[in-house]
Amino acid sequence: MKYLIDFIKGIVLGATTSVPGVSGGTMALILDVYDKIIHSMSNLFKNFKKNGFFLFIIGIGMITGLFLAAPFVGYALEHYKYPALYFFIGIVFAGLPVLFKKANQGKKKNTDILFFVIGVLIIGGLLLFEHLYKGELFNLSGGLNIVDIIILFVSGIIIAIALILPGISTSFLLVVLGLYKPLIEAVKTKNIGFLLPVVIGTIFGIFATIEILEKMMNEKPRQTYLMILGFVVVSVIEVFPGIPTGINILYSFLSFAIGYILIYFTIKKQKSLK
């Protein structure tokens, strides 16, 4: 049963990752699996059987969730933009108390607010960057050449950072890089040649940065989570589609409420299981 629950959590994480502006890391915190993922990655070879099997179950779930969700997310965003995005905003808002609680641990210092400001400036800078380049920082050629493969590998490393850090949306970074639509299409068509360099880069990036993050979370948890909170607060701007009109006002309100309530009761259920 435990492994089935981990698999289902992986599906939710994979589905969340396909949504621009919504962080899979934040969802992992909400599902109370984030710390375990970070610890298992950082200590993989110290207890390979236990940590490796857990990561395998979560990973298979994430891949399943990504392949299941990608077509529906794309369709919802194209045909039901306002209700879909307000649903995701509801999810993010419901998860904010989890981050506030994490940010309240550790010894308080007057300079702690600077870490929140740094988080705000990082995501704000990415938003400005995306606005200036219109998601065309990288333009891949029709057929993949060595330069394209290197770009995809580097993009995988960037994706790894977004996957590890709650509050930074993987999909948002892909939009900034101009790779969101090509990757979604590659997932739909199962284009292994396109996806493989990204996967390899992501795995490399995760293992290159995971120990640094775990050390920060253990030694400076308050400052680290304040910065993450800054990421999340500003990332909502990227998701916000504007004020709906007509019947979309009702649909958007209902979808926001459904997203919020869904995560709210998920968090309550997690607390009751502890």
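Structure's up top.
Residues numbered from 1 in each chain as written. Predicted model: local features only at pLDDT ≥ 70, side-chain atom pairs only at ≥ 80, totals over all residues. Heavy atoms only, no water.

**Regarding the overall build of the protein**
Looking only at helices and strands, the protein has twelve helices and zero strands in total. Contacts spanning at least 24 positions in sequence make up 80% of the contacts within the protein whose residues lie at least 6 apart. When the accessible surface of the protein is summed, it comes to about 14,600 Å², and 72% of that surface belongs to carbon and sulfur atoms. (Helix = DSSP H or I, 4+ residues; strand = E, 2+ residues; numbered from the N terminus. Contact = heavy atoms within 4.5 Å. Areas by Shrake-Rupley, 256 points an atom, 1.4 Å probe, with all protein chains shown as cover.)

**Thoughts on the environment of F240**
By secondary structure assignment, the location of F240 is in the loop between α11 (221–239) and α12 (248–273). The sequence separation of F240 and L85 amounts to 155 residues, and the corresponding C-alpha distance is 6.9 Å. Those residues in contact with F240, other than ones at most four positions away along the chain, are Y86 and I89.

**A closer look at the packing of aromatic side chains**
Enumeration over the complete set of coordinates arrives at nine aromatic pairs. Centre to centre, the rings of Y86 and F240 are 6.1 Å apart; their planes meet at 70°, and the pair counts as edge-to-face. Residue Y86 is located in helix α5 (residues 81–103), and its partner F240 is located in the loop between α11 and α12; the two are separated by 154 residues in the primary sequence. Exposure remark for Y86: the relative accessible area of 13% places this residue in the buried category. A relative accessible area of 40% places F240 in the partly exposed class. Ring geometry for F256 against Y260: centres 6.4 Å apart, planes inclined by 20°, an arrangement best described as stacked. Highlighted residues: F256 and Y260, both in helix α12, separated by four residues, approximately one helical turn. On the basis of relative accessibility, which here comes to 30%, the residue Y260 falls in the partly exposed class. The structure contains a cluster of three or more aromatic residues connected by ring pairs, namely F93, F256, Y260, Y264 and F265. (Phe/Tyr/Trp six-rings, centres within 6.5 Å; stacked < 30°, edge-to-face > 60°. Buried < 20%, exposed > 50% of the residue type's maximum accessible area, 1.4 Å probe, protein only.)

**Remarks on the pattern of salt bridges**
Considering all chains together, one arrives at one salt bridge under this definition. Between D112 and R222 there is a salt bridge, with its nearest N and O atoms 2.6 Å apart. Here the residue D112 occupies a position in the loop between α5 and α6 (113–133), and R222 occupies one in helix α11, the gap between them amounting to 110 residues. The exposure class assigned to D112 is buried, which follows from its relative accessible area of 1%. The buried category is assigned to R222, whose relative accessible area is 12%. (Salt bridge = Lys/Arg side-chain N within 4 Å of Asp/Glu carboxyl O.)

**Digging into the packing of helix α7 (residues 146–164) against helix α10 (residues 192–219)**
As a packed pair, α7 and α10 sit with axes 6 Å apart at the nearest point and diverge in direction by 40°. Viewed along their axes, α7 and α10 adopt a mutual orientation that is oblique. Considering the relative orientation of α7 and α10, their crossing is right-handed. On α10, the residues touching I149, L152, F153, G156, I157, I159, A160, L163 and I164 of α7 are F194, P197, V198, I200, G201, T202, F204, G205, I206, T209, I210 and L213. When the residues that make up the contact of α7 with α10 are grouped by side-chain class, the tally is 16 nonpolar, five polar and no charged. (Axes fitted to C-alpha atoms, helices over the stretch in contact; angles between N-to-C directions. Parallel < 35°, antiparallel > 145°, perpendicular 65-115°, else oblique. Left-handed = near helix turned anticlockwise from the far one by under 90°. Nonpolar A, V, L, I, M, F, W, Y, C, P; charged D, E, K, R; others polar.)

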